[in-house]
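Now for the letters of each chain:
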Amino acid sequence: MTKINPLFNRILYGLFLLLTAYFVFIEKEYMTAASNLCIAFIFDPFDATQAFNERPFWQKIWLYIHVGIAAAILGYGIGIFDK
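About the criteria used
Residues numbered from 1 in each chain as written. Predicted model: local features only at pLDDT ≥ 70, side-chain atom pairs only at ≥ 80, totals over all residues. Heavy atoms only, no water. Helix = DSSP H or I, 4+ residues; strand = E, 2+ residues; numbered from the N terminus. Axes fitted to C-alpha atoms, helices over the stretch in contact; angles between N-to-C directions. Parallel < 35°, antiparallel > 145°, perpendicular 65-115°, else oblique. Left-handed = near helix turned anticlockwise from the far one by under 90°. Contact = heavy atoms within 4.5 Å. Phe/Tyr/Trp six-rings, centres within 6.5 Å; stacked < 30°, edge-to-face > 60°. Buried < 20%, exposed > 50% of the residue type's maximum accessible area, 1.4 Å probe, protein only. Lys NZ or Arg CZ within 6 Å of the ring centre and 35° of its normal. Patch = residues over 30% accessible without salt bridge, like charges linked within 9 Å, V, L, I, M, F, W, Y side chains within 5 Å. Areas by Shrake-Rupley, 256 points an atom, 1.4 Å probe, with all protein chains shown as cover. Salt bridge = Lys/Arg side-chain N within 4 Å of Asp/Glu carboxyl O. Core = buried A, V, L, I, M, F, W, Y, C linked by side-chain atoms within 4.5 Å.

Draft legend 1. Spatial organisation of unusual backbone geometry. Phi is positive for Lys28, which is not a glycine, with a value near 55 degrees. Tracing the sequence through the fold places Lys28 in the loop between helix H1 (6-27) and helix H2 (30-42).

Draft legend 2. Region of interest: the packing of H2 against helix H3 (residues 57-80). Running from amino to carboxyl end, H2 crosses H3 at an angle of 160 degrees, the nearest separation of the two axes being 8 Å. If you check the angle between H2 and H3, you find them roughly antiparallel. The interaxial crossing formed by H2 with H3 has left-handed handedness. Contact residues: Tyr30, Met31, Ala33, Ala34, Leu37, Cys38, Ala40 and Phe41 in H2; Leu63, His66, Val67, Ile69, Ala70, Ile73, Leu74, Tyr76, Gly77, Ile78 and Ile80 in H3.

Draft legend 3. Up close: the packing of aromatic side chains. Applying the stated criterion to the full structure yields 6 aromatic pairs. Ring plane angle 85 degrees and centroid distance 5.2 Å describe the contact between Phe46 and Trp58, whose orientation is recorded as edge-to-face. Of this pair, Phe46 sits in the loop between H2 and H3 while Trp58 sits in helix H3, and the two are 12 residues apart along the sequence. Taking relative accessible area as the criterion, Phe46 reaches 12% and is therefore assigned buried. Between the aromatic rings of Phe46 and Trp62, the centroid separation amounts to 6.3 Å while the plane-to-plane angle is 80 degrees, which identifies the pairing as edge-to-face. In this pair, Phe46 is assigned in the loop between H2 and H3 and Trp62 in helix H3, connecting sequence segments 16 residues apart. Put simply, the rings of Phe46, Trp58 and Trp62 touch in pairs and so form one group of aromatic residues. Stacked on the ring of Phe52, the Lys or Arg Lys60 has its end atom at 5.9 Å from the ring centre.

Draft legend 4. Structural view of a nonpolar patch on the surface. On the surface, Met31, Leu74, Tyr76, Ile78, Ile80 and Phe81 cluster together into a nonpolar patch covering about 590 Å² of accessible area. Top element by residues in the nonpolar patch is H3. It accounts for 4 residues. Tracing the backbone through its elements, the reader meets Leu74 in helix H3. Among the residues examined, Leu74 registers a relative accessible area of 37% and is labelled partly exposed.

Draft legend 5. Representation of the nonpolar core within the structure. Ranked by size, the top nonpolar core spans 8 residues in total: Phe23, Val24, Tyr30, Ala33, Ala34, Leu37, Ala70 and Ile73. Put simply, the parts of the chain that give this core at least two residues each are H1, H2 and H3. Among the elements that take part in this core, H2 stands out by supplying 4 residues, more than any other. Those residues in contact with Phe23 that lie beyond four places of it in its chain are Lys28, Glu29, Thr32, Ala33 and Asn36. Core analysis: the second largest hydrophobic core is formed by 5 residues, Leu12, Tyr13, Phe16 and Ala40 among them.

Read these as layout, nothing more, since geometry by itself doesn't imply function.
Below is the structure:
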């Protein structure tokens, strides 16, 4: 297994978060924003070699909130097309 530089993950994570904000607030493309937020989740901003159960509580909460926001944006995007 190759070791990936954690700075690389943090930069990509941040860029995908900025891209998500752009699609939500400027373009109003919620499905694209949700997909970018899910892609951001791939680039774990914390120590990727550490098991989830061994992480500090605040990191777990951060990641749960991340998934919750992605699900909320996805649900909102789906709901817009129900009209």
